[in-house]
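# Structure assessment
Read off the chains here:
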Amino acid sequence: MSHNTVAINQAQQPLDHLDSVWLFGYGSLIYKADFSYLQRRPARIHGWQRRFWQGSHDHRGTPTAPGRVATLVQAENAQCSGMAYQVTPAVFEHLDHREKNGYLRFFTEFEWLDGSGTVNGLVYVAGPDNDAYLGPASEQEIARHIAQSAGPSGPNDEYLLLLAQALRDLDDHDPHVFAIERELLALRQRHST
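Bear in mind that the values here come from a model prediction, so they are computed numbers and not experimental data.

Attention now goes to the packing of aromatic side chains. The tally for this structure, following the rule as stated, stands at nine aromatic pairs. Arranged with centres 5.4 Å apart and planes meeting at 45°, the rings of Phe 24 and Phe 110 form a pair that is tilted. In this pair, Phe 24 is assigned in strand β1 (residues 21–25) and Phe 110 in strand β4 (residues 104–112), connecting sequence segments 86 residues apart. Judged by centre distance (5.7 Å) and plane angle (40°), the rings of Trp 48 and Phe 106 are tilted.

Okay, here's the thing in structure tokens:
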């Protein structure tokens, strides 16, 4: 599958019949809401875990030197915290373009972090069948890759560090993200001495 998924998302899932829809963000969507929304609430989804296994050719890397960004992979008994936004369907013209590098959207259930219930909404996931997928690597390898990558949206390490801080703000401990952050900071320390 091409890593440009704009047309696929718009064809497979028209949303114009809805007044609003919830969107779950687990990567840069947690800390960078560059779109209008009606409300936002911390949430989690079950059966998925966040992994830095997706290539970024358009934001945190380039077509010849992609960065690494977050996607979700299915995992039994896993959960992933993030931020949910209630948006109007018009927002997806922007979001489909922002998430076009291999991400497909689909409906799933979110649970509010305050324990007040659940809602069905959309999430973008880049699976292993898209051309930008980089796949598993050790946290050390991922940190080295991120340390060397940059793209039109800025350095790849900025994405990682902002995500780690956003997860701390949500009082969420993601072992994968924090292990990569530790490796990245250790790399920086070694290079600064």
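The rest of the description comes next.
Before going further, it helps to examine helix α6 (residues 175–192). Every α-helix winds through 3.6 residues per turn, so residues three or four apart in the chain are directed the same way. Over its 18 residues, α6 runs 26 Å from end to end, which matches the ideal 26 Å to within 8%, given 1.5 Å per residue. The complete set of buried residues in α6 reads His 176, Val 177, Phe 178, Ala 179, Ile 180, Glu 181, Leu 184 and Leu 187. Put simply, Asp 174 is the residue that caps the front of α6, since its side-chain oxygen is 3.0 Å from the backbone nitrogen of His 176.

Let us look at the side chain of Glu 181. Residue placement: Glu 181 occurs in helix α6. In this structure Glu 181 comes out as buried when scored by relative accessible area, which is 9%. Sequence-distant contacts of Glu 181, defined by excluding residues within four places in its chain, comprise Leu 160, Leu 161, Ala 164 and Arg 168.

Strand pairing in a sheet is mediated by backbone hydrogen bonds. Such pairs are either parallel or antiparallel. The five strands are arranged β1-β3-β2-β4-β5 in a closed barrel whose pairing can be described as mixed. Across the sheet, the mean angle separating the axes of adjacent strands is 50° when strand polarity is ignored. Both strand β2 (residues 39–56) and β4 contribute to a ladder of two bridges, which runs antiparallel. Of the residues in β4, the one forming a bridge with Ala 43 is Trp 112. Each of β2 and β3 (67–87) is contacted by helix α4 (residues 139–147), which is oriented at about 40° to β3, the strand it contacts most.

What counts, and at which threshold
- Residues numbered from 1 in each chain as written.
- Predicted model: local features only at pLDDT ≥ 70, side-chain atom pairs only at ≥ 80, totals over all residues.
- Heavy atoms only, no water.
- Phe/Tyr/Trp six-rings, centres within 6.5 Å; stacked < 30°, edge-to-face > 60°.
- Helix = DSSP H or I, 4+ residues; strand = E, 2+ residues; numbered from the N terminus.
- Expected span 1.5 Å × (residues − 1).
- Buried < 20%, exposed > 50% of the residue type's maximum accessible area, 1.4 Å probe, protein only.
- Polar contact = N/O pair within 3.5 Å; in protein donor to acceptor, adjacent residues only side chain to side chain.
- Contact = heavy atoms within 4.5 Å.
- Pairing = 2+ DSSP bridges.
- Axes fitted to C-alpha atoms, helices over the stretch in contact; angles between N-to-C directions.

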